[in-house]
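Geometric and topological summary
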Amino acid sequence: MPALDQTDPSEFHGKVVVVTGGSAGIGRAIALAFAGRGAKVVVAGRNLEAASHVVADIERDFGKEALAVRTDVSLVADCNGLIEAAVGRFGAVDILVNNAAYFALVPLLDAGAADASQFLSTNLCGPLFCGQALARWATTNNRTGVIVNVSSISGARPAFGCGLYSATKAALNSLTKSMAFEWTPKGIRVNGVAPGHVNTDGVLADFESGRLDHDAMMRAIPARRIADVTDIANLVLFLSSEQSRHIVGATLTIDGGESL
Ligand SMILES: NC(=O)c1ccc[n+]([C@@H]2O[C@H](COP(=O)([O-])OP(=O)(O)OC[C@H]3O[C@@H](n4cnc5c(N)ncnc54)[C@H](OP(=O)(O)O)[C@@H]3O)[C@@H](O)[C@H]2O)c1
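The notes below deal with the structure included here. (Residues numbered from 1 in each chain as written. Predicted model: local features only at pLDDT ≥ 70, side-chain atom pairs only at ≥ 80, totals over all residues. Heavy atoms only, no water.)

All right, on to the overall build of the chain then. On a plain count of helices and strands, the chain comes out with eight helices and seven strands. Its C-alpha atoms give the chain a radius of gyration of 17 Å, within 12% of the compact-globule value 18 Å for 260 residues. Projected onto the principal axes, the alpha-carbon positions of the chain cover approximately 50 × 45 × 40 Å. Within the chain, the fraction of its 260 residues that count as buried is 51%. The contacts in the chain between residues at least 6 apart in sequence include a share of 74% that link residues at least 24 apart. Averaged over its 21 positive side-chain charges, the chain has a centre that lies 6 Å from the centre of its 25 negative ones. (Helix = DSSP H or I, 4+ residues; strand = E, 2+ residues; numbered from the N terminus. Rg over C-alpha atoms; globule rule 2.2 N^0.38 Å. Buried < 20%, exposed > 50% of the residue type's maximum accessible area, 1.4 Å probe, protein only. Contact = heavy atoms within 4.5 Å. Lys, Arg positive; Asp, Glu negative; His and termini not counted. Charge placed at Lys NZ, Arg CZ, Asp CG, Glu CD.)

Structure (structure tokens):
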């Protein structure tokens, strides 16, 4: 069944949206979806060339202004610099999508301090410090804002080799609640999304290599499909819109029933 398309091309007109990890996969789909609804988008990632390609796609497909910013979210200075760059170019930041994450298969018996540090600094500290930079700018300038953190159903269930990844996503779900608790009274509304498997390059490569069994996964997912990146983007846009104004501190599962 085709997805419902009730797109309002001006829904986010005048809004400035920062998407970390906006140069690939789910983040790229989120960046394009916001641009398609009128937003000015800032695409952040470590590889500036890859982020610049998405900016070129946005300018070509939607005729909207966009900006690529080289950012490593595991570095506090880069998180601050990202929000500064967005404000410097567009005058404000209205919406932050903390989408960038580190993923690697590391069985817990092999996990070292460097592994733990990389998972934590990217998947937990990145959203914290990018969110903090936005919240500080917004509260100082009497502005409101929205933050959406991209988590995973892995935060609530183990999978072999995913222990550190799962732990950081569980911690991110908790951080989402705390951010919402502390910052919503200041006008910064915070929520999260927790996808199951999505048709990104990483998942498709795992089907190819046999690490993931496609047919077994289809049997295990009640919806008998994995998500398209646009499914996740649509939920992020909903959580960024006024339609969801009374949803606060929630991490919404979007997995076709995979985690039931
Ligand atoms: N794919 C799935 O099935 C799935 C399922 C559940 C949840 N998720 C979550 O969805 C989000 C996106 O996943 P994805 O599969 O779309 O990822 P992806 O295709 O691997 O893309 C990752 C993006 O994040 C950027 N990135 C990685 N580390 C970064 C860092 N330290 N600082 C800034 N940018 C960084 C990458 O660009 P650079 O390399 O240039 O930095 C790239 O733009 C993640 O939070 C992931 O945990 C994914």
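This part takes up the pattern of salt bridges. The final tally for this structure, using the stated rule, is nine salt bridges. Close ionic contact of Arg70 with Asp78 constitutes a salt bridge, the shortest N to O distance being 3.1 Å. Residue Arg225 is joined to Asp231 by a salt bridge in which the shortest nitrogen-to-oxygen separation is 3.0 Å. For Arg225, a relative accessible area of 42% gives the class partly exposed. A relative accessible area of 19% means that Asp231 is categorised as buried. If you follow the salt bridges from partner to partner, you end up with Arg28, Asp57, Arg60 and Asp61 in one network. (Salt bridge = Lys/Arg side-chain N within 4 Å of Asp/Glu carboxyl O.)

A few words on the site of the ligand. Around the ligand, the surrounding shell holds 26 residues, and the nearest of these are Ser23, Ile26, Arg46, Asn99 and Tyr165. One of the backbone N or O atoms of Ala24 is found 3.4 Å from an oxygen atom in the ligand. Interatomic distance of 2.8 Å between a backbone N/O atom of Ile26 and an oxygen atom of the ligand. Here the ligand has 880 Å² of accessible area as a free molecule, and 82% of this is covered by the chains. Among the secondary structure elements, those contributing two or more residues to the shell around the ligand are α1 (25–36) and α5 (163–183). When grouped by side-chain class, the residues that make up the shell around the ligand number ten nonpolar, 13 polar and three charged. (Near = heavy atom within 4 Å. Polar contact = N/O pair within 3.5 Å; in protein donor to acceptor, adjacent residues only side chain to side chain. Areas by Shrake-Rupley, 256 points an atom, 1.4 Å probe, with all protein chains shown as cover. Nonpolar A, V, L, I, M, F, W, Y, C, P; charged D, E, K, R; others polar.)

The next thing to look at is the environment of Phe129. With respect to the element layout, Phe129 can be found in helix α4 (residues 113–140). With relative accessibility at 22%, the residue Phe129 sits in the partly exposed group. The spacing of Phe129 and Ser74 is 55 residues in sequence and 8.7 Å in space, taken between C-alpha atoms. Beyond its immediate sequence surroundings of up to four residues, Phe129 is in contact with Val76, Cys79 and Asn80.

Now for the packing of α1 against helix α2 (residues 48–62). Between α1 and α2, the least distance of the axes is 10 Å, while the angle of their chain directions is 30°. Comparing the axis directions of α1 and α2 gives the class roughly parallel. Viewed along their axes, α1 and α2 form a crossing whose handedness is right-handed. Touching Arg28, Ala31, Leu32, Ala35 and Gly36 of α1 are Val54, Asp57, Ile58 and Phe62, all from α2. Tallied by class, residues from the contact of α1 with α2 come to six nonpolar, one polar and two charged. (Axes fitted to C-alpha atoms, helices over the stretch in contact; angles between N-to-C directions. Parallel < 35°, antiparallel > 145°, perpendicular 65-115°, else oblique. Left-handed = near helix turned anticlockwise from the far one by under 90°.)

Here we come to the sheet that holds strand β6 (residues 188–195). The parallel open sheet is built from seven strands, whose spatial order is β3-β2-β1-β4-β5-β6-β7. Edge positions in the sheet fall to β3 (66–70) and β7 (251–254), since each has one partner strand and no second. When the angles between neighbouring strand axes are averaged without regard to direction, this sheet yields 20°. Bridge count between β6 and β7: four bridges; the pairing is parallel. Each residue of the ladder has a partner; that of Val193, found in β7, is Leu252. Docked against the sheet, helix α8 (residues 229–240) engages β4 (95–98), β5 (145–150), β6 and β7, running at close to 160° with respect to β6. (Pairing = 2+ DSSP bridges.)

Next up on the list: the environment of Val18. With respect to the element layout, Val18 can be found in strand β1 (residues 16–20). With 205 residues separating them along the chain, Val18 and Ala223 place their C-alpha atoms 31 Å apart. When residues no more than four places from it in sequence are discounted, the contact partners of Val18 are Val42, Leu82, Ala86, Val93, Ile95, Leu96 and Val97.

These values are about where atoms sit, not about what they do.
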